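# Structure assessment
One-letter residues, chain by chain:
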Amino acid sequence: MENLAEYKDVTIKRQDRTVLKDLNFHLEPSTFYYLVGKVGSGKSSLMKTMYAEVPVYSGETANVLGYNLFDIKTKEIPYLRREIGIVFQDFQLLQDRSVFSNLDFVLRATGWKEKEKREKRIGEVLTQVGMSNKSYKMPHELSGGEQQRIVIARALLNSPRLILADEPTGNLDPNTGFQILTLLHGLVEKGHTVLMATHNLQLLEDFPGRVLRCYNKQLFEEK
């Protein structure tokens, strides 16, 4: 099966500072990956290169979902991002509109024209994350765990093959974090690949996965 992402000898820089170098890794379909390392070790920068928010500086190969990140055109970036689900630690929900309207906004922005199809898809993803009865709620009316479930639902709207989750349990209590990890691991069984950045190493014990570690400006896969 073709890899969803592949980096060979890649260097990532931020403001002329080398963040990661000699990157060699790939992401396989239907697999759960942890991305671990200290704060500032490059986890978020690596993820941001994968959806073309941060440019790759140099290397032999930097390919995500068939897009060559070295020569990706500006007009292609929205299409790449449509195939990636992004789960943020700080939710980034629009506070002035309901859960339904948050999700509908994304669908309309990514080309869903028909209202009935949008409503059907929103219902499907909310059911998938156990939030089918919360569509009318405003974000501030939800707990942190509930908001994160909505963020995961948002990430699933366009049926992405790859989901990038940046510290999705960082602001949650342990029990709620456990529930979110259960949900994310369940997505792998449905054919998604998940790359999750975390500094909570206990999660690796509770929910085994493949581990990529950022250390000393390099990336190692732990066996």
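First, a word on scope: everything that follows refers to the structure included in this document. All values reported here derive from a predicted model rather than from experimental measurement.

### Looking at the packing of aromatic side chains
- Within the structure shown, the criterion is met by three aromatic pairs.
- Arranged with centres 4.9 Å apart and planes meeting at 35°, the rings of Tyr7 and Phe25 form a pair that is tilted. One end of the pair, Tyr7, is in strand 1 (residues 5-14); the other, Phe25, is in strand 2 (residues 17-27), and 18 residues separate them in sequence. Each member of the pair, Tyr7 as well as Phe25, is classed as buried.
- Directly above the aromatic system of Tyr57 lies the positively charged group of Lys13, at a separation of 4.3 Å from the ring centroid.

### Digging into the sheet that holds strand 5 (residues 67-68)
- Taken together, four strands build an open sheet; the order of strands is 2-1-4-5 and the sheet is antiparallel. Bordering the open sheet on either side are strand 2 and strand 5, each of which pairs with just one other strand.
- Relative to strand 4 (residues 61-64), strand 1 runs antiparallel, the two sharing four bridges. The residue bridging Glu6 from the neighbouring strand is Asn63, located in strand 4.
- Sheet contacts for helix 1 (residues 43-50): strand 1, strand 2 and strand 4; angle to strand 1, the most-contacted strand, approximately 120°.

### Things to note about the environment of Met50
- Within the secondary structure layout, Met50 lies in helix 1.
- On a C-alpha basis, the gap between Met50 and Leu212 in space is 15 Å, while along the polypeptide they are 162 residues apart.
- Filtering out sequence-adjacent residues up to four positions away, Met50 remains in contact with Ala5, Tyr7, Leu27, Val64, Leu69, Leu80, Ile84, Leu162, Leu164 and Leu195.

### Describing the pattern of salt bridges
- Within the structure shown, the criterion is met by twelve salt bridges.
- We note a salt bridge from Arg213 to Glu222, for which the minimum N-O separation is 2.2 Å.
- You can call Arg213 partly exposed: its relative accessible area is 25%.
- Each member of the salt-bridge network shares a partner with another, and the members are Glu28, Arg210 and Glu221.

### Points about a positive patch on the surface
- A surface patch of positive charge is lined by Arg14, Arg17, Lys21 and Lys217.
- Considering the arrangement of structural elements, one finds Lys21 in strand 2.

### Re helix 6 (residues 174-189)
- Look at helix 6: 23 Å from first C-alpha to last across 16 residues, which is about the 22 Å you get at 1.5 Å a residue.
- What helix 6 keeps buried is the set Thr176, Gly177, Ile180, Leu181, Leu183, Leu184, His185, Gly186, Leu187 and Val188.
- Residues of helix 6 that are buried in the fold lie against strand 3 (32-36), helix 4 (115-128), helix 5 (144-156), strand 7 (162-166), strand 8 (193-197) and helix 7 (202-206).
- A distance of 3.1 Å separates the backbone nitrogen of Asn175 from a side-chain oxygen at the start of helix 6, and that oxygen is part of Asp173.
- Directly after helix 6, the chain includes Gly191, whose backbone phi takes a positive value near 105°.

How each quantity is defined
Residues numbered from 1 in each chain as written. Predicted model: local features only at pLDDT ≥ 70, side-chain atom pairs only at ≥ 80, totals over all residues. Heavy atoms only, no water. Phe/Tyr/Trp six-rings, centres within 6.5 Å; stacked < 30°, edge-to-face > 60°. Helix = DSSP H or I, 4+ residues; strand = E, 2+ residues; numbered from the N terminus. Buried < 20%, exposed > 50% of the residue type's maximum accessible area, 1.4 Å probe, protein only. Lys NZ or Arg CZ within 6 Å of the ring centre and 35° of its normal. Pairing = 2+ DSSP bridges. Contact = heavy atoms within 4.5 Å. Axes fitted to C-alpha atoms, helices over the stretch in contact; angles between N-to-C directions. Salt bridge = Lys/Arg side-chain N within 4 Å of Asp/Glu carboxyl O. Patch = residues over 30% accessible without salt bridge, like charges linked within 9 Å, V, L, I, M, F, W, Y side chains within 5 Å. Areas by Shrake-Rupley, 256 points an atom, 1.4 Å probe, with all protein chains shown as cover. Lys, Arg positive; Asp, Glu negative; His and termini not counted. Charge placed at Lys NZ, Arg CZ, Asp CG, Glu CD. Expected span 1.5 Å × (residues − 1). Polar contact = N/O pair within 3.5 Å; in protein donor to acceptor, adjacent residues only side chain to side chain.

Everything listed here is a matter of coordinates, which is why it stays silent on function.
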